[in-house]
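Take a look at the letters that make up each chain.
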Amino acid sequence: MDGIDDIDKQLLRLLQQDAKLTTKELASQLGLTLSPVYERIKRLEGLGFIKQYVAVLDKGLLGQPITTFCQVSMRYHDKAFIDKFEEEVQKLEEVQECYHMAGQVDFLLKIHVGSLNDYHDFVKYKLSQIENIGVLNSTFVLKEIKHNLGYYIP
């Protein structure tokens, strides 16, 4: 967190809560004028602290109420197979998140679909077509307890 001060941190907290706040609203909450707030936002964007601005959508209203975590274990672990998996998983629109893991599994995928049948089809016709997958282990979310999109900023 080098290069940012307490005001920058508060600005980041505010933007994480509501990225639609205007520069005027942010300035008012921070006790600053418009120009310094605008410059701070541009600097934080340039430093990479702010990566993008997005709308958070309701998965249920989009017809994708099923959330699945799929653990993927590869048969072989050489660079070419890992790179190929990472490349292919990028093409799967159902996959919201993908992590290369250390431990008992190689990758953890977070997947959203409309139904269990949709998940079955996704695994059968898309995911399992990626070369070198050894084992898939799926778990299904029964209830979402906490879903915080923001990061803790000390």
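Just so we're clear, the structure is a prediction, and the values are computed from it rather than from any experiment.

Undergrad: Help me out: how do you make sense of the overall build of the protein in this one?
TA: Counting secondary structure elements, the protein contains five helices and four strands. Going from N to C terminus, the protein has its helices and strands arranged as α-α-α-β-α-β-β-α-β. Here the C-alpha radius of gyration of the protein, 20 Å, is well above what a compact globule of 154 residues would show, namely 15 Å. Referenced to the eigenvectors of the C-alpha coordinate spread, the extents of the protein come out at roughly 55 × 35 × 25 Å. Expressed as a percentage of its 154 residues, the buried residues of the protein come to 29%. If you take every contact in the protein between residues at least 6 apart in sequence, the share linking residues at least 24 apart comes to 64%. Surface exposure of the protein reaches about 10800 Å², of which carbon and sulfur atoms provide 53%. The averaged location of the 22 negative side-chain charges in the protein is 3 Å from the averaged location of its 18 positive side-chain charges.

Undergrad: Before we go on, may I ask you to explain helix H4 (residues 79–89) in this structure?
TA: Helical geometry note: an α-helix holds 3.6 residues per turn, so side chains three or four residues apart project in the same direction. Listed in full, the buried residues belonging to H4 are Ile82, Phe85, Glu88 and Val89. In an axial view of H4, the angular spread of the buried residues amounts to 135 degrees, which keeps them on one side of the axis. For H4, the exposed residues set more than 90 degrees away from the buried face come down to Lys79 and Ala80. Next to the buried residues of H4 lie strand S1 (66–74), strand S2 (95–100), strand S3 (107–113) and strand S4 (133–140).

Undergrad: I would appreciate a short explanation of the domain arrangement of the protein in the present structure.
TA: It is common to give the size of an interface as the accessible area that goes away when the parts come together. Domain annotation for the protein reports domain 1 (6–47) and domain 2 (66–140). A C-alpha centroid distance of 38 Å is found between domain 1 and domain 2.

Definitions and cut-offs
- Residues numbered from 1 in each chain as written.
- Predicted model: local features only at pLDDT ≥ 70, side-chain atom pairs only at ≥ 80, totals over all residues.
- Heavy atoms only, no water.
- Helix = DSSP H or I, 4+ residues; strand = E, 2+ residues; numbered from the N terminus.
- Rg over C-alpha atoms; globule rule 2.2 N^0.38 Å.
- Buried < 20%, exposed > 50% of the residue type's maximum accessible area, 1.4 Å probe, protein only.
- Contact = heavy atoms within 4.5 Å.
- Areas by Shrake-Rupley, 256 points an atom, 1.4 Å probe, with all protein chains shown as cover.
- Lys, Arg positive; Asp, Glu negative; His and termini not counted.
- Charge placed at Lys NZ, Arg CZ, Asp CG, Glu CD.
- Arc of directions from axis to C-beta.
- Domains from an automatic or database assignment.

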